[in-house]
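# Secondary and tertiary structure notes
Given next are the chains, with one letter for each unit.
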Amino acid sequence: MIKKILAVVLAAVLVVLCFAACGKKPKQEDLYGYDKPVAYNENGYAVYNDKGLVRIYETDDKGNIVYDDDGNPQYNYYDVGGGFVHDGMIDTKDYAFKMPSGWDVDENSVFTKRGTDGKCTVSVTFASETSADYTFNDFVDQNIASNQEFVNQLKENGQDANMETELFSLSQTESPAYAATYIFKDADGKVIHYAVSVYYLYNAQIYLINYICTDGVGYDESFDFLSYVKENFVTK
């Protein structure tokens, strides 16, 4: 009986020693052709410094994280050009965003709905600077006026065109945001163009989250893109 107990204890010790020897191997990401062990926070987002460089763990020849004498992981920082794609997510210093299943994202951080031949896309881009003389509200007023004029011209030419706007705040940072939804239909009521442009203010800069279904390809009335952005677009 004693021999059996000793055997079980020894087996348990060997398992523990094996895990200790194996160490912790961080996930490797392909960063512009180079595999790098990226550091992630508890929410699964990459860790960046103030300069926009992503944290990369130091590893030994077996790929395990190197720790100092106090048990702290050692790391450096790596330039990823402002952000990178992992797990179907665009992850940058300032934001993280992932579309639902059925969408792919490329190395240029553009989401494309499958089966649309590139005609239904989502992208995040810089839109404008703000200043003491040009606020986010100024930008919104200007944007609404110019686009409403365009929509009115389409209507005068017999086009079934509609634009709806909404002001709100992004939940994580309470950053002011503005959305404009455009829907154009042909004479038979078929959607021939659908777009949602979401602008938000972050660190005095205005960014655009643009969802567009060219020629109506990929349009899904059941998919509320604006609500999806409100719930899933993460500002850091």
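An account of the accompanying structure is given in this report. (Residues numbered from 1 in each chain as written. Predicted model: local features only at pLDDT ≥ 70, side-chain atom pairs only at ≥ 80, totals over all residues. Heavy atoms only, no water.)

### Details of the sheet that holds strand 12 (residues 176-185)
Rules: Any two strands with at least two DSSP-identified bridges between them are counted as paired. Secondary structure elements follow DSSP: runs of H or I no shorter than four residues count as helices, runs of E no shorter than two count as strands, and numbering proceeds from the N terminus. Geometry is summarised by axes, namely lines fitted to C-alpha atoms with helices restricted to the contacting stretch, and by angles between N-to-C directions that run from 0 to 180 degrees.
Across the sheet, which stays open at both edges, the seven strands sit in the order 8-9-10-14-13-12-11 with antiparallel pairing between neighbours. Of all strands in the sheet, those bounded by a partner on one side alone are strand 8 (103-105) and strand 11 (160-169). Each adjacent strand pair in this sheet contributes to an overall mean axis angle of 20°, direction not counted. Summarising the sheet, strand 8 and strand 9 (residues 110-113) pair through three bridges and their orientation is antiparallel.

### What about the sheet that holds strand 6 (residues 89-92)?
Judged by pairing direction, the sheet is antiparallel, and its four strands sit side by side in the order 5-6-7-15 without closing on themselves. The outermost strands of the open sheet, each flanked by one partner alone, are strand 5 (83-86) and strand 15 (234-235).

### What about the nonpolar core?
The line we're drawing: Among the buried residues, those of types Ala, Val, Leu, Ile, Met, Phe, Trp, Tyr and Cys that are joined through side-chain atoms within 4.5 Å form a nonpolar core. Each residue gets one of three labels from its accessible area relative to the maximum for its type: buried under 20%, exposed over 50%, partly exposed in between, using a 1.4 Å probe on protein chains only. Note on definitions: a residue-residue contact is assigned when non-hydrogen atoms from the two residues lie within 4.5 Å.
Membership of the largest hydrophobic core comes to 30 residues, with the highest contact counts inside it found for Phe 97, Tyr 211 and Phe 225. Residue contributions to this core peak at six residues, all from strand 13 (residues 191-202). Aside from chain neighbours lying at most four places away, what touches Phe 97 is Met 89, Ile 90, Phe 111, Val 122, Phe 225, Tyr 228, Val 229, Asn 232 and Phe 233. Membership of the second largest hydrophobic core comes to 15 residues, among which are Val 140, Leu 154, Tyr 199 and Leu 208.

### Let's talk about the side chain of Ser 175
For the record, the criterion: The term polar contact refers here to a pair of N or O atoms within 3.5 Å; inside protein, the definition further demands a hydrogen-donor-capable atom paired with an acceptor-capable atom, and it admits residues adjacent in sequence only when both atoms are side-chain atoms.
In this structure, Ser 175 sits in the loop between strand 11 and strand 12. Under the relative-accessibility criterion, Ser 175 is labelled buried at 8%. Side-chain polar atoms of Ser 175 contact the backbone oxygen of Leu 201, separated by 3.3 Å. Residue contacts for Ser 175: discarding those within four places in its chain leaves Phe 168, Ser 169, Leu 170, Leu 201 and Tyr 202.

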